[in-house]
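Observations on chain architecture
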Amino acid sequence: MPVSGRSEKRLRFLAVAIAALILSGEVARWWGNPRFIPLAFEEILIAAALIWAALTRRFGTLPLVAAWALLAGHMLSLLVPTLDHLLFGPPKAKVGFYTAALSIMLAIALFALGWAMKLTRNRSAQ
């Protein structure tokens, strides 16, 4: 298997792992709450997009680019108001933990997005 094939396989595995992490986190956070579906809906959709992108090969690596970009955008949209609470208040429970977690997830998503874009560019150059 060529190096790019192994790299793509690793990125697809990372997509499934992050999707599982997102899903398990949302289920643990909202399980038993009647608002589970509306409050966890976007994370469920993003996890589904990551899983679909990881499992489909029909469109090459473009679905991985789209799914990682979706995750990065969502993490950024959650991080900005969380940082606002951290820096300017009003106080919010566990704001430091959420800031760190969202920052790490954003970093992972941006790294994986760059990785997917590189794979897509390498594939189109062949």
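For the structure itself, look to the data block above.
A few points on the structure.

Basis of the calculations
Residues numbered from 1 in each chain as written. Predicted model: local features only at pLDDT ≥ 70, side-chain atom pairs only at ≥ 80, totals over all residues. Heavy atoms only, no water. Patch = residues over 30% accessible without salt bridge, like charges linked within 9 Å, V, L, I, M, F, W, Y side chains within 5 Å. Areas by Shrake-Rupley, 256 points an atom, 1.4 Å probe, with all protein chains shown as cover. Salt bridge = Lys/Arg side-chain N within 4 Å of Asp/Glu carboxyl O. Helix = DSSP H or I, 4+ residues; strand = E, 2+ residues; numbered from the N terminus. Buried < 20%, exposed > 50% of the residue type's maximum accessible area, 1.4 Å probe, protein only. Axes fitted to C-alpha atoms, helices over the stretch in contact; angles between N-to-C directions. Parallel < 35°, antiparallel > 145°, perpendicular 65-115°, else oblique. Left-handed = near helix turned anticlockwise from the far one by under 90°. Contact = heavy atoms within 4.5 Å. Nonpolar A, V, L, I, M, F, W, Y, C, P; charged D, E, K, R; others polar. Phe/Tyr/Trp six-rings, centres within 6.5 Å; stacked < 30°, edge-to-face > 60°.

Taken together, Leu-83, Leu-86, Leu-87 and Phe-88 make up a surface patch of nonpolar side chains, about 420 Å² in accessible area. Relative to the helices and strands, Leu-87 is located in helix H3 (residues 62-88). Judged by relative accessible area, Leu-87 falls into the exposed class, the value being 58%.

Glancing now at the packing of helix H2 (residues 36-55) against H3. Each packed pair of helices is defined by two parameters, the angle between the axes and the distance between the axes. Relative orientation of the contacting elements H2 and H3 amounts to 155°, with a least axis distance of 8 Å. When the axes of H2 and H3 are compared, the pair comes out roughly antiparallel. In this structure, H2 crosses over H3, and the sense of that crossing is left-handed. Only Pro-63, Leu-64, Ala-67, Trp-68, Leu-70, Leu-71, His-74 and Leu-78 of H3 make contact with H2, whose side of the interface consists of Glu-42, Glu-43, Ile-46, Ala-49, Leu-50, Trp-52, Ala-53 and Ala-54. Its residues placed into classes, the contact of H2 with H3 shows 13 nonpolar, 1 polar and 2 charged.

One pass over the full model with this rule turns up 4 aromatic pairs. Between Trp-31 and Phe-36, the aromatic rings sit 6.1 Å apart at their centres with planes inclined by 75°, giving edge-to-face as the arrangement. Summarising the aromatic geometry, the rings of Trp-52 and Phe-59 are spaced 6.1 Å apart at their centres and angled 45° between planes, so their arrangement reads as tilted. Here Trp-52 falls in the partly exposed class, since its relative accessible area comes to 46%.

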